[in-house]
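Here's the letter readout for the chains.
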Amino acid sequence: MRVRVYRYVPEQDDAPRMQDYEFELPQDRELMVLDVLEELRLQDPTIAYRRSCREGVCGSDGMNMNGRNGLACKTTVSSIVARDTLTLRPLPGLPVIRDLVVDMSQFYAQYEKIDPYLINDEEPPEKERLQSVEEREKLDGLYECILCACCSTSCPSYWWNPDKFIGPAGLLQAYRFLADSRDTATSERLEKLGDPYSVFRCRTIMNCVDACPKDLNPTRAISKIRTMLIEDR
Amino acid sequence: MVDRYLSESRGSKRGLIDFIVQRLTAIVIGIYVIHLVVIFALNGDMDYAAWRSYFTSGYSLLLSSLTVLAIALHAWIGMWTVGTDYIRGEGIAKTLRLTYQGLIGVALVFFLIWSLGLIWGLL
Ligand code: SF4
Ligand code: SF4
Ligand code: FES
């Protein structure tokens, strides 16, 4: 198999280039894309990428593999390799720091914008704020997000307006707190979302749903936010 | 924490309003198209007199005017959005964007006046 890796060190290189490596796939077992990268790095220790947990939990190895965003540690080679070639690029649309490592500052800034923490101005109870089973169920499919940025960096609206459109990851979290029965800042949160960019740049293209390695559905969360905005008027 | 939240500048509602207007105008345009199809289906071969009497009837005048207005609004929101997607930034980009928006605006106002003039038989 041929592995094509995006190589770019902005301080040294004039332009990014693709570097080819030959890789012998084992016959007896399935490899993840991250396994391939780890072995390539034994050949060429200058390849840079992020990784930590190698089990789809930390969200650090989001990248673009044969044109699709995903976590290298959770993506089997056989599921994406085409014409015996595996092409690895950084997540699209974010500034490259080095090779497959991107600068996530803007992505985190959008996340910060939605105030990603519980706000409750009532007197704290002695022990904890209880939720009913139904109330808790509303958070399923929302809280699991690991902020890997695979969704936002596959969203054309986010590519066009990364400074103004919150993007699917941030909006999924916005809805996670809007939907939380313990949060009392619902209308304050909604008030910050009614402008033409924050939420309404979403064109329901659903790339985000397709990309999410945790099988979450930001599009649905976004349409629920829209409904809440309309009802809140 | 809540204080910081409340003291931050409140966002506008324009995105929400645009979203609603775009859907309402789409419904108006849809109704108009369906109504035209129905009219044509019911009256096989309309001659000039029939056309004229239908399109000068009071409700047809109102419905046509409303539709033209809906098209103009719908187009404005859509084109404004396309412009802010593809022409971003300050400086030259901003000048370009404002020029684009100005041209679209002028074209739509022209379209509106012209169509209304035709519908009401003033041109
Ligand atoms: S559904 Fe919305 S947020 Fe998701 S990729 Fe499409 S435009 Fe982006
Ligand atoms: S929604 Fe999915 S793709 Fe997006 S950041 Fe969260 S886990 Fe990653
Ligand atoms: S290495 Fe942690 S998610 Fe892939």
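This text follows the structure it describes.
Residues numbered from 1 in each chain as written. Chains lettered and ligands numbered in written order. Predicted model: local features only at pLDDT ≥ 70, side-chain atom pairs only at ≥ 80, totals over all residues. Heavy atoms only, no water.

Q: Break down the site of ligand 1 for me, with residues and values.
A: All names here are of chain A. Around ligand 1 sit Cys155, Phe165, Pro168, Cys202, Arg203, Thr204, Ile205, Met206, Asn207, Cys208, Thr219 and Ile222, and those are all the residues in its vicinity. At the level of elements, α8 (207-211) and α9 (218-232) are the ones that each hand at least two residues to the shell around ligand 1. Partitioning the shell around ligand 1 into residue classes produces eight nonpolar, three polar and one charged. (Near = heavy atom within 4 Å. Helix = DSSP H or I, 4+ residues; strand = E, 2+ residues; numbered from the N terminus. Nonpolar A, V, L, I, M, F, W, Y, C, P; charged D, E, K, R; others polar.)

Q: Any details on the packing of α9 of chain A against helix α2 (residues 14-42) of chain B? Residues and values, ideally.
A: Interaxial distance between α9 of chain A and α2 of chain B falls to 11 Å at its minimum, and their mutual angle equals 95 degrees. Relative to α2 of chain B, the element α9 of chain A lies roughly perpendicular. Each of Arg226, Leu229 and Ile230 of chain A in α9 of chain A lies in contact with α2 of chain B, whose residues at this interface are Leu16, Phe19 and Ile20 of chain B. Residues belonging to the contact of α9 of chain A with α2 of chain B are distributed by class as follows: five nonpolar, no polar and one charged. (Axes fitted to C-alpha atoms, helices over the stretch in contact; angles between N-to-C directions. Parallel < 35°, antiparallel > 145°, perpendicular 65-115°, else oblique. Contact = heavy atoms within 4.5 Å.)

Q: Quick one: what's the story with the site of ligand 2, residue by residue and with numbers?
A: Residue and element names in this part refer to chain A. Around ligand 2 sit Cys145, Ile146, Leu147, Cys148, Ala149, Cys150, Cys151, Ala169, Leu172, Cys212, Pro213 and Lys214, and those are all the residues in its vicinity. Cavity membership is defined here by more than half of the atoms lying within 2 Å of grid points; on that basis ligand 2 lies in the largest cavity. The class makeup of the residues in the shell around ligand 2 is eleven nonpolar, no polar and one charged. (1 Å grid on protein atoms, 1.4 Å probe; cavity = no way out; pocket = protein on both sides within 12 Å on 5 of 7 lines; lining within 4 Å. Sits in = over half its atoms within 2 Å of the grid points.)

Q: Can you lay out the packing of α2 of chain B against helix α3 (residues 48-55) of chain B for me, pointing to particular residues and giving the numbers?
A: All names here are of chain B. Contact geometry for α2 and α3: axes closest at 13 Å, N-to-C directions at 145 degrees. Of the two elements, α2 crosses α3, and the hand of that crossing is right-handed. Facing Tyr32, His35, Leu36, Ile39 and Phe40 of α2, the residues of α3 in contact are Trp51, Tyr54 and Phe55. Classifying every residue of the contact of α2 with α3 gives seven nonpolar, one polar and no charged. (Left-handed = near helix turned anticlockwise from the far one by under 90°.)

Q: Let's hear about a nonpolar patch on the surface: which residues, and what values?
A: On the surface, Leu62, Phe110, Trp114, Leu118, Trp120, Leu122 and Leu123 of chain B cluster together to form a nonpolar patch covering roughly 870 Å² of accessible area. Sorting elements by how many residues they give to the nonpolar patch places helix α5 (residues 92-119) of chain B first, with three residues. (Patch = residues over 30% accessible without salt bridge, like charges linked within 9 Å, V, L, I, M, F, W, Y side chains within 5 Å. Areas by Shrake-Rupley, 256 points an atom, 1.4 Å probe, with all protein chains shown as cover. Salt bridge = Lys/Arg side-chain N within 4 Å of Asp/Glu carboxyl O.)

Q: How would you explain the pairing of strand β5 (residues 85-89) of chain A if you had to name every residue and give the values?
A: All names here are of chain A. The buried count for β5 comes to four of five residues, which makes it a mostly enclosed element. As paired elements, strand β3 (residues 62-65) and β5 share two bridges and run antiparallel to each other. Bridge pairing links asparagine 64 to arginine 89 in β5. (Buried < 20%, exposed > 50% of the residue type's maximum accessible area, 1.4 Å probe, protein only. Pairing = 2+ DSSP bridges.)

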